Amino acid sequence: MPPAPAMAIVLAAGKGTRMKSELPKVLVPVAGRPMVRYVIDALRAAGVERVVVVVGYRADLVRAELAGLPGIEFADQTEQLGTGHAVMMCREQLASHDGPVVIVAGDSPMLQADSVATLLAEARSRRSACLLGTVRRDDPAGYGRIVRSAAGDFTGIVEEKDATSEQRAITEINVSTYVFDAKELLTALDQLRADNSQREYYITDCPAILLAAGKQVAALTVLKPCEALSINSPEELAQVEKVMSGG
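All values reported here derive from a predicted model rather than from experimental measurement.

Analysis parameters
- Residues numbered from 1 in each chain as written.
- Predicted model: local features only at pLDDT ≥ 70, side-chain atom pairs only at ≥ 80, totals over all residues.
- Heavy atoms only, no water.
- Pairing = 2+ DSSP bridges.
- Helix = DSSP H or I, 4+ residues; strand = E, 2+ residues; numbered from the N terminus.
- Right-handed = clockwise from strand over helix to strand, strands pointing away.
- Core = buried A, V, L, I, M, F, W, Y, C linked by side-chain atoms within 4.5 Å.
- Buried < 20%, exposed > 50% of the residue type's maximum accessible area, 1.4 Å probe, protein only.
- 1 Å grid on protein atoms, 1.4 Å probe; cavity = no way out; pocket = protein on both sides within 12 Å on 5 of 7 lines; lining within 4 Å.
- Points joined across faces, edges and corners; volume = space filled by probe spheres on them.
- Nonpolar A, V, L, I, M, F, W, Y, C, P; charged D, E, K, R; others polar.
- Disulfide = S-S within 2.5 Å.

Draft legend 1. Region of interest: the pairing of strand 5 (residues 72-76). Inspection of the sheet shows strand 4 (residues 50-55) paired to strand 5 by five bridges, in the parallel sense. Counted as the bridge partner of Val 53 is Phe 74 from strand 5. Note on the crossover from strand 4 through helix 2 (residues 59-66) to strand 5: the handedness is right-handed.

The following block contains the structure:
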């Protein structure tokens, strides 16, 4: 029997205040193309045909940019209440899907197709409720750290601002690349709470929710260092363009 087809959710609702551009962040060009195009290309090359793009800030522009592409659907996040809230806006699509769901950030143009394909293959063979793609980075500052037990099993993600000095020394980081089972994800979303200082819903809480329910959750360091390069400022944009050009 062929494996259940995968679907993807691309988080693309943000404004990108630090980019000094009026464009939605995912439409800021990288080497001449809107950055979200690279993300969709990588998903397609990894065999994902159904892609739900969560739009928010200037949604009409993002819809117009991607309108002609096959297999693209949209979900509207009219209030920016966090990454978990963005995924909640895709409940309808998730409810109609039986199989793996890849969740990625629309501002990660260095996403690699082979990394996504590896995660999907692993998620299917392990029958995981959630599989996180992680990366090791010599300078992990600014990223959520992957916490593991003494046996090496994934136990959770701790955000830098909440991390102890010991946890801050961890070099394995979360770069917002996940594969969830659609049904398990819906269950986790129902339990997501906004009990943090930002009053937002974070998708990063979902793996821990599933783990606490006794589900199979794991983190694999299969991503390449370049995949940690998201774009939050003109300086980071210049850095990614340099990497893309082989500089």
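Draft legend 2. Molecular detail of the nonpolar core. Val 10, Leu 43, Val 48, Val 51, Val 53 and Val 102 are the most contacted members of the largest nonpolar core, which has 37 residues in total. At five residues, helix 1 (residues 35-45) tops the list of elements feeding residues into this core. Counting residues in each nonpolar core, the second largest holds 34 residues, with Leu 94, Tyr 178, Phe 180 and Leu 186 among its members.

Draft legend 3. Representation of the layout of surface pockets in the model. Approximately 1400 Å³ is the volume found for the largest pocket. Lining the largest pocket are 43 residues, and of these Lys 25, Thr 83, Asp 107, Ser 176 and Asn 232 sit closest to its centre. If you list the elements that add at least two residues to the lining of the largest pocket, you get strand 1 (7-12), helix 3 (83-88), strand 10 (172-181) and helix 9 (234-244). Considering only residue class, the lining of the largest pocket consists of 15 nonpolar, 18 polar and 10 charged. Lining the second largest pocket we find Pro 3, Ala 4, Gly 99, Pro 100, Ala 123, Arg 124, Arg 127, Ser 128, Val 179, Phe 180 and Asp 181. Put simply, the parts of the chain that give the lining of the second largest pocket at least two residues each are helix 5 (113-126) and strand 10. By residue number, the principal contributor to the lining of the second largest pocket is strand 10, which donates three residues.

Draft legend 4. How the structure looks around the state of the cysteines. Counted according to the given criterion, the structure contains zero disulfides. Considering cysteine sulfurs only, Cys 130 is the nearest to Cys 206, which forms no disulfide, with 8.0 Å between them. What makes Cys 206 buried here is its relative accessible area of 0%.

Draft legend 5. Looking closely at unusual backbone geometry. For Arg 58, which is not a glycine, the phi torsion comes out positive at approximately 45°. Assignment of secondary structure puts Arg 58 in the loop between strand 4 and helix 2. With relative accessibility at 37%, the residue Arg 58 sits in the partly exposed group. Within the chain, Arg 199 stands out as a residue other than glycine whose phi angle is a positive 55°.

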